[in-house]
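What follows is the residue order along each chain.
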Amino acid sequence: MIDYNRYLNSSIRSLSPSGIRKFFDIANEMENVISLSIGEPDFQTPWHIRDEGIRSLEKGKTWYSPNRGFADLLKEITNYYERRFSLTYNPSEQTLVTVGGSEAIDLAFRTLVEEGDEVIIPQPAFVCYNPLCVMAGGVPVNINTKNEDKFRLKAADLEAAITPKTKMLVLPFPNNPTGAIMERRDLEEIAEVVKRHDLMVLSDEIYCELTYGGRNHVSIASIDGMYERTVVINGFSKSYAMTGWRLGYALGPAPIISQMTKLHQYGIMSAPTTAQYAAIEALKNGDRDVKRMRDEYDMRRRLVVDSFNDMGLTCFEPLGAFYVFPCIQSTGLSSEEFCTRLIMEKHVAVVPGTAFGDCGEGFVRVSYSYSLKHLQVALARIREFLGELNHGSQAEGAC
Amino acid sequence: MDKLLNLLCTNSQFSVAELSAMLGEPEDYIKAQIKEYEAKGIIKGYQAVVNWEDVEDSYVEALIELKVTPKKETGFDEMAQMCMAFDEVESVYLMAGVYDFALIVRGETMQDIAMFVAKKLSTIDGVLSTGTHFIMRRYKDRGMNLTDTDSKDERSLIL
Ligand SMILES: Cc1ncc(COP(=O)(O)O)c(C=O)c1O
């Protein structure tokens, strides 16, 4: 018998598997579950975008693309950042097309982080940053964003976490799982600290098109003095409902992008060709689709936030992504207990806040990437669940 | 497009509270707006979308094409009024194209509809010709999927 542990890289072995696996196992095995747990758009990719992918296949475009991505796509990406966020990037030197935003995040860590470098990662956050940071040799330093700050990152908290070893800040806004955004004023305060301590920023802007209440996404790269310190990560998954196409990109200073491109060239060669043809169409003619989906998410968002507040699970108004993050402390249950009982008793799946960092305790992530009809049914069941809980004992707690 | 009307078109049973939440407008405003639409005849009524195929088998619908000679004074309107008057007629549309009117006609049997067309419609003064197309099956109606193939959620990743 081979002892595989002798062969396995010790860093990867020590990465903790998701602590809430047990919960997901229950969710997966149960039938008739009404889920509010999915983290991708429920919309299908708009037809004209799919059609361009199909057409490229019909024309026999089945080869690798250039390492960086097709020139037309690079140009459309930079046009888009100019048009939407007034940021100018050079398509041939500052832009790289990747396999989802996910690959771009991985490349950025591996390109910028050295053994022992500290990377500040606010939580609750998407699950990939800590493990990818560790695999790059970095040390994740997690700081907690708080409900009372609407889960925005505060300059003072950032300042307090900085040590001489700090090299980079991950800025995951609009945020999965909280739905928090950062407005210009918030970013200016963060930028001040970042510049003073000479840090780099990895800005994950994958949800940039999903902001509500008239707030347009602001990229930290557009704050004075931050352009040269920021690697922007973005992609097509959320904005254009293209998760399965696996396409994203990175924008940033040429010396960084060129090293990331080198790594991408050896590890991946090039992002999927068919997806790139579809993405060109998305950027050229997809604005109306983006607006249609955003309006629809917005309506759902209002309904869900209103319902949770009405049920007594207080919930700050999330202005981004497609999640709400209600506080469940008033039930006296832990996040995991809440989710387990909700699925066992009412067959509704939501995700414990602890899946996104320990500080998610006391909260659950509810995705509203579902039809209104689906949401209505699920919300009614959650209301029943709470009614029955209250009938039992009631604990005091406040968020 | 009016968001309130759009929402009511997808589901007229949303509560005022739900509509108010979704649209970010006060409940009183929503109530008043609906009243106004009703008073002005912009909202004509509220109906259920029924999948009749699952209820009774003696139910037939047909689309009837009509070619007519418009009346001198009243154009197509008078002809439309005459068609509308029949209980059998569900819908009357004036069309651009090779024929003038499309009617949706309802009956218990094909025979019913055939007789209706032969005896009542084609005998109207000014009707030049009719074409009857029986509806075999309704897959989607007013935006709703009437089949039981409600698409399954194939998304599998949670985080
Ligand atoms: C915050 C965040 N960043 C990045 C990603 C990765 O997206 P993709 O690799 O599909 O571009 C996700 C996906 O859920 C996400 O939530």
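In this text, all values refer to a predicted model and were calculated from it rather than measured experimentally. (Residues numbered from 1 in each chain as written. Chains lettered and ligands numbered in written order. Predicted model: local features only at pLDDT ≥ 70, side-chain atom pairs only at ≥ 80, totals over all residues. Heavy atoms only, no water.)

Trainee: A description of empty space enclosed by the protein should follow, citing residues and the corresponding values.
Mentor: Residues and elements named next belong to chain A. Under the defined criterion, the tally for this structure stands at two cavities of 30 Å³ or more. Of the pockets and cavities examined, the largest cavity occupies roughly 80 Å³. If you go around the largest cavity, you meet 15 residues; those closest to its centre are Phe173, Pro174, Met182, His217 and Val218. Residue composition of the lining of the largest cavity, grouped by class: eight nonpolar, five polar and two charged. Computed from the structure, the second largest cavity encloses a volume of approximately 30 Å³. Taken together, Tyr80, Cys208, Asn234, Gly235, Phe236, Ser239, Tyr240, Tyr249 and Leu283 form the lining of the second largest cavity. (1 Å grid on protein atoms, 1.4 Å probe; cavity = no way out; pocket = protein on both sides within 12 Å on 5 of 7 lines; lining within 4 Å. Points joined across faces, edges and corners; volume = space filled by probe spheres on them. Nonpolar A, V, L, I, M, F, W, Y, C, P; charged D, E, K, R; others polar.)

Trainee: Lay out the interface of chain B and chain A with the relevant residues and their values.
Mentor: Chain B puts 14 residues into the contact, and the matching count from chain A is 21 residues. With both chains or domains summed, chain B and chain A bury close to 1600 Å², and 64% of this area falls on carbon and sulfur atoms. Considering only the surface of chain B that becomes buried against chain A, B:Arg155, B:Ile158 and B:Leu159 emerge as the three largest contributors, covering 49% of it. Run the count over chain B and chain A and you get zero salt bridges. Top element by residues in the side of chain B that touches chain A is helix H2 (residues 16-23) of chain B. It accounts for four residues. For the side of chain B that touches chain A, the residue count by class is eight nonpolar, three polar and three charged. (Contact = heavy atoms within 4.5 Å. Buried area = accessible area lost by both parts, 1.4 Å probe. Salt bridge = Lys/Arg side-chain N within 4 Å of Asp/Glu carboxyl O. Helix = DSSP H or I, 4+ residues; strand = E, 2+ residues; numbered from the N terminus.)

Trainee: With reference to specific residues and values, describe the domain arrangement of chain B.
Mentor: Domain annotation for chain B reports domain 1 (3-40) and domain 2 (52-138). Distance from the C-alpha centre of domain 1 of chain B to the C-alpha centre of domain 2 of chain B: 34 Å. (Domains from an automatic or database assignment.)

Trainee: Tell me about the sheet that holds strand E11 (residues 351-352) of chain A, and please be specific about residues and values.
Mentor: If you walk across this open sheet you meet the three strands as E9-E12-E11 (chain A), and the pairing is antiparallel. For this open sheet the edge positions go to strand E9 (323-324) and E11 of chain A, each flanked by a neighbour on one side alone. (Pairing = 2+ DSSP bridges.)

Trainee: Tell me what's going on with helix H10 (residues 273-285) of chain A, and back it up with residues and numbers.
Mentor: Residues and elements named next belong to chain A. A rise of 1.5 Å per residue sets the reference length of H10, with its 13 residues, at 18 Å; its end C-alpha atoms lie 19 Å apart and thus fit the reference within 8%. Here H10 has its buried residues at Thr273, Ala275, Gln276, Ala278, Ala279, Ile280, Glu281, Ala282 and Leu283. The inward-facing, buried residues of H10 contact helix H3 (47-58), helix H4 (71-85) and strand E2 (95-98). (Expected span 1.5 Å × (residues − 1). Buried < 20%, exposed > 50% of the residue type's maximum accessible area, 1.4 Å probe, protein only.)

Trainee: Any details on the sheet that holds strand E3 (residues 101-107) of chain B? Residues and values, ideally.
Mentor: Residue and element names in this part refer to chain B. The antiparallel open sheet is built from four strands, whose spatial order is E2-E3-E1-E4. The open sheet terminates on both sides in strands that have one partner only, identified here as strand E2 (89-94) and strand E4 (127-135). Here the strands of the sheet are splayed against their neighbours by 20° on average, with no regard to which way each runs. Bridging between E2 and E3 involves five bridges; their strand directions are antiparallel. Following the sheet pairing, Ser91 is matched in E3 by Ile104. This element, helix H4 (residues 77-84), spans strand E1 (60-68), E2, E3 and E4 of the sheet and lies at about 165° to E2. Of the strands in this sheet, E1, E2, E3 and E4 touch helix H5 (residues 110-121), which is tilted by about 20° from E1. (Axes fitted to C-alpha atoms, helices over the stretch in contact; angles between N-to-C directions.)

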